[in-house]
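Analysis of the macromolecular model
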Amino acid sequence: MTSEPGDGVLEEFLADPANSALDISTAVARCCKALGLQQAVIYLADLQQRRLIPLTDVSSALPVDDSLAGWTYRTQSLRVEESEGGLTTWLPLLDGAERLGVLAVPSATLTPASLRRSRTLAALLAMMITSRRAYKESFVRRTRTEPMQLPAEMLRAFLPPRTIGTAHVVSTALLEPAYELGGDAFDHALTDTTLHAAVLDAMGHNLASGLTTAVSLSACRNARRTGADLPELVESVDEALSRWLPDQFCTGVLAQLDLASGVLRWTSCGHPAPLLIRDQRLLVDALEREPDPPMGLPSLLADSSRRTHEVALQPGDRVLLYTDGVTESRTRDGGLFGLEHFADYIIRATAAGELAPETLRRLIHSILDAQPGRLRDDATLLLFEWRPPTR
């Protein structure tokens with residue numbers, strides 16, 4: 001079997017330590033040359049996932065909802081279209097389960113070899129983008145469409161990727177207003193055995209609210225990374241807030257899903273209960289429990305201890321954590337969005353086979369587009385789906 005043109009050049013490119021420090025435009029050009037491709041254009045999704053913005057040339061931005069590139073982003077699937085002088089292959093840029101954007105690779109013809117090299121390039125560039133976007137300001141600037149307020153800037157520095165997951169579990173989250181956050185936040189993380197998930201909602205809508213949420217997130221992560229169990233996570237948040245911000249409190253739901261058994265454990269602290277969707281229907285009140293006091297000083301002054309609840313999920317179950325900014329938003333006719341409308345949207349998307357990240361993207365846009373002005377309160381959504389391996 002003969003090697004394809006460019007295979008050895010790519011190996012040399014990857015083996016050269018100097019190439020790890022290249023700017024992204026130069027890296028794209030050299031990778032294309034090494035792989036025998038004409039060129040490639042990176043498009044990154046903007047913060048609200050409405051547009052795909054070119055990173056390495058001056059092409060126009062493309063709409064996520066009305067373009068072939070957007071179709072690739074929405075479905076995480078490859079697509080080929082005719083273009084001037086040949087074909088353009090659109091490939092998703094993925095960091096694990098997280099959607100970064102898409103890659104356009106023009107070519108005169110498409111062969112199995114060129115398609116394989118295009119996929120290789122997309123995988124390589126996704127890793128390069130992920131490793132650099134934490135410190136490359138150009139990525140941040142290109143994907144923002146308006147100035148960000150200080151509380152939102154602070155909170156977003158603490159947020160994990162929108163989507164994480166494996167072949168058997170995915171967790172995805174969004175929050176709005178993207179540039180004017182006050183006190184909402186989400187968190188999710190994976191270990192070998194457990195998915196950790198949380199939504200938080202601090203009192204108020206200002207810098208103090210954002211600081212309260214940031215301290216709560218940090219306290220929770222600090223305890224989690226030392227192997228603390230769920231009650232200890234909540235206790236760590238209580239103690240941190242009562243010590244450093246005694247006049248502030250935070251509501252929230254902290255949850256843990258055992259990836260092998262599907263056992264879900266959670267604690268609700270003055271917060272709306274999670275929702276359980278099974279077999280394309282909402283199991284009303286399935287996770288409804290009497291909430292504990294909010295986290296912070298109110299909890300330390302209460303007489304009762306924190307309670308942990310438990311339920312066994314079934315394969316394919318979807319669990320939704322949310323803040324009341326979602327259900328208290330308005331529909332186009334002026335009524336409350338409400339819990340039923342919220343759950344019905346998720347159920348219809350599930351029935352249509354829509355990917356979980358795309359379901360939340362479309363849902364939050366439908367909420368935003370129905371508002372006569374800005375949201376009355378932060379709106380946060382976190383959805384996770386459990387699909388264990390078939391025995």
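Structure first, text after, so check above.
Note that the structure is predicted; figures quoted are calculated from it, not measured.

The subject of this paragraph is helix H4 (residues 112–132). Taking 1.5 Å per residue as the helical rise, H4 with its 21 residues ought to reach 30 Å, and the 31 Å between its terminal C-alpha atoms agrees with that figure. Where H4 is concerned, the buried positions are Ala113, Ser114, Arg117, Ser118, Leu121, Ala122, Leu124, Leu125, Ala126, Met128, Ile129 and Arg132.

Turning to the packing of helix H2 (residues 24–35) against H4, a few remarks are in order. Contact pair H2 / H4: the axes reach a minimum separation of 11 Å and the direction vectors enclose 160°. Regarding the angle of H2 to H4, the classification is roughly antiparallel. The interaxial crossing formed by H2 with H4 has right-handed handedness. Residues Ile24, Ala27, Val28, Cys31, Cys32 and Leu35 of H2 lie in contact with H4, whose contacting residues are Arg117, Leu121, Leu124, Leu125, Met128, Ile129 and Arg132. Partitioning the contact of H2 with H4 into residue classes produces 11 nonpolar, no polar and two charged.

For the rest of this paragraph, the subject is the sheet that holds strand E7 (residues 163–165). If you trace the six strands from one edge of the open sheet to the other, you get E7-E8-E18-E17-E13-E14, paired in antiparallel fashion. Looking along the sheet, the strands with just one partner apiece sit at the ends: E7 and strand E14 (281–282). Of the strand pairs in this sheet, E7 and strand E8 (residues 169–176) are connected by three bridges, and their pairing is antiparallel. Its bridge partner being in E8, threonine 163 is matched across the sheet by threonine 172. Across the face of the sheet, helix H12 (residues 356–369) comes into contact with E7, E8, strand E17 (318–322) and strand E18 (379–386) while running at roughly 20° to E8.

A word on the packing of aromatic side chains. Within this structure, the stated rule accounts for one aromatic pair. Over the face of the ring belonging to tryptophan 71 we find arginine 79, whose NZ or CZ atom lies 4.6 Å from the ring centre.

In this section: the pattern of salt bridges. Applying the stated rule across the entire model yields 16 salt bridges. For arginine 362, the salt bridge goes to glutamate 354, with nearest N and O atoms at 3.1 Å. Overall, the relative accessible area of 35% leaves arginine 362 in the partly exposed class. Residue arginine 361 is joined to glutamate 358 by a salt bridge in which the shortest nitrogen-to-oxygen separation is 2.8 Å. Here arginine 361 pairs with glutamate 358, and both are found in helix H12, just three residues apart, close to one helical turn. Both residues of the pair, arginine 361 and glutamate 358, belong to the buried class. The structure contains a network of salt bridges with shared partners spanning Asp65, Arg99, Glu358 and Arg361.

Considered as a void within the structure, the largest pocket measures approximately 950 Å³ in volume. Taken together, 34 residues line the largest pocket, and the ones lying closest to its centre are Leu47, Arg133, Val140, Thr143 and Arg156. The set of elements that each furnish at least two residues to the lining of the largest pocket consists of strand E1 (41–45), strand E6 (98–107), H4, helix H5 (137–142), helix H6 (150–156), E8 and H12. Among the elements that take part in the lining of the largest pocket, E8 stands out by supplying four residues, more than any other. Of the residues assigned to the lining of the largest pocket, the class counts are 18 nonpolar, five polar and 11 charged. Size it by volume and the second largest pocket reaches roughly 290 Å³. In terms of lining residues, the second largest pocket is bounded by 18 residues, among which Val170, Leu355, Ala356, Pro357 and Glu385 are the most central. Of all the elements in the fold, those that place two or more residues in the lining of the second largest pocket are E8 and H12. Residues that form the lining of the second largest pocket fall into these classes: seven nonpolar, seven polar and four charged.

Here we come to empty space enclosed by the protein. Counted by the stated rule, this structure contains two cavities of 30 Å³ or more. Those elements that place two or more of their residues in the lining of the largest cavity are strand E10 (194–202), helix H7 (207–224), helix H8 (230–244) and strand E11 (249–258). Classifying every residue of the lining of the largest cavity by side-chain character gives seven nonpolar, two polar and two charged. Estimates place the volume of the second largest cavity at around 50 Å³. Forming the walls of the second largest cavity are Gln49, Tyr73, Glu98, Arg99, Arg162, Thr163, Thr172, Ala173, Leu174 and Pro357. Those elements giving two or more residues to the lining of the second largest cavity turn out to be E6 and E8. Take the lining of the second largest cavity: its biggest share by element is three residues, from E8. Split into classes, the residues belonging to the lining of the second largest cavity amount to four nonpolar, three polar and three charged.

Two measures define how a pair of helices packs: the angle their axes make with one another and the distance between the axes. Two numbers describe how H7 lies on H8: the axes approach to 8 Å, and their chain directions differ by 140°. Accordingly, the angle class assigned to the pair H7 and H8 is oblique. Considering only the axes of H7 and H8, their crossing is right-handed. Note on element contacts: H8 touches H7 through Glu232, Leu233, Ser236, Val237, Ala240 and Leu241, opposite Thr212, Val215, Ser216, Ala219, Cys220, Ala223 and Arg224. For the contact of H7 with H8, the class distribution of residues is eight nonpolar, three polar and two charged.

Rules used in this analysis
Residues numbered from 1 in each chain as written. Predicted model: local features only at pLDDT ≥ 70, side-chain atom pairs only at ≥ 80, totals over all residues. Heavy atoms only, no water. Helix = DSSP H or I, 4+ residues; strand = E, 2+ residues; numbered from the N terminus. Expected span 1.5 Å × (residues − 1). Buried < 20%, exposed > 50% of the residue type's maximum accessible area, 1.4 Å probe, protein only. Axes fitted to C-alpha atoms, helices over the stretch in contact; angles between N-to-C directions. Parallel < 35°, antiparallel > 145°, perpendicular 65-115°, else oblique. Left-handed = near helix turned anticlockwise from the far one by under 90°. Contact = heavy atoms within 4.5 Å. Nonpolar A, V, L, I, M, F, W, Y, C, P; charged D, E, K, R; others polar. Pairing = 2+ DSSP bridges. Phe/Tyr/Trp six-rings, centres within 6.5 Å; stacked < 30°, edge-to-face > 60°. Lys NZ or Arg CZ within 6 Å of the ring centre and 35° of its normal. Salt bridge = Lys/Arg side-chain N within 4 Å of Asp/Glu carboxyl O. 1 Å grid on protein atoms, 1.4 Å probe; cavity = no way out; pocket = protein on both sides within 12 Å on 5 of 7 lines; lining within 4 Å. Points joined across faces, edges and corners; volume = space filled by probe spheres on them.

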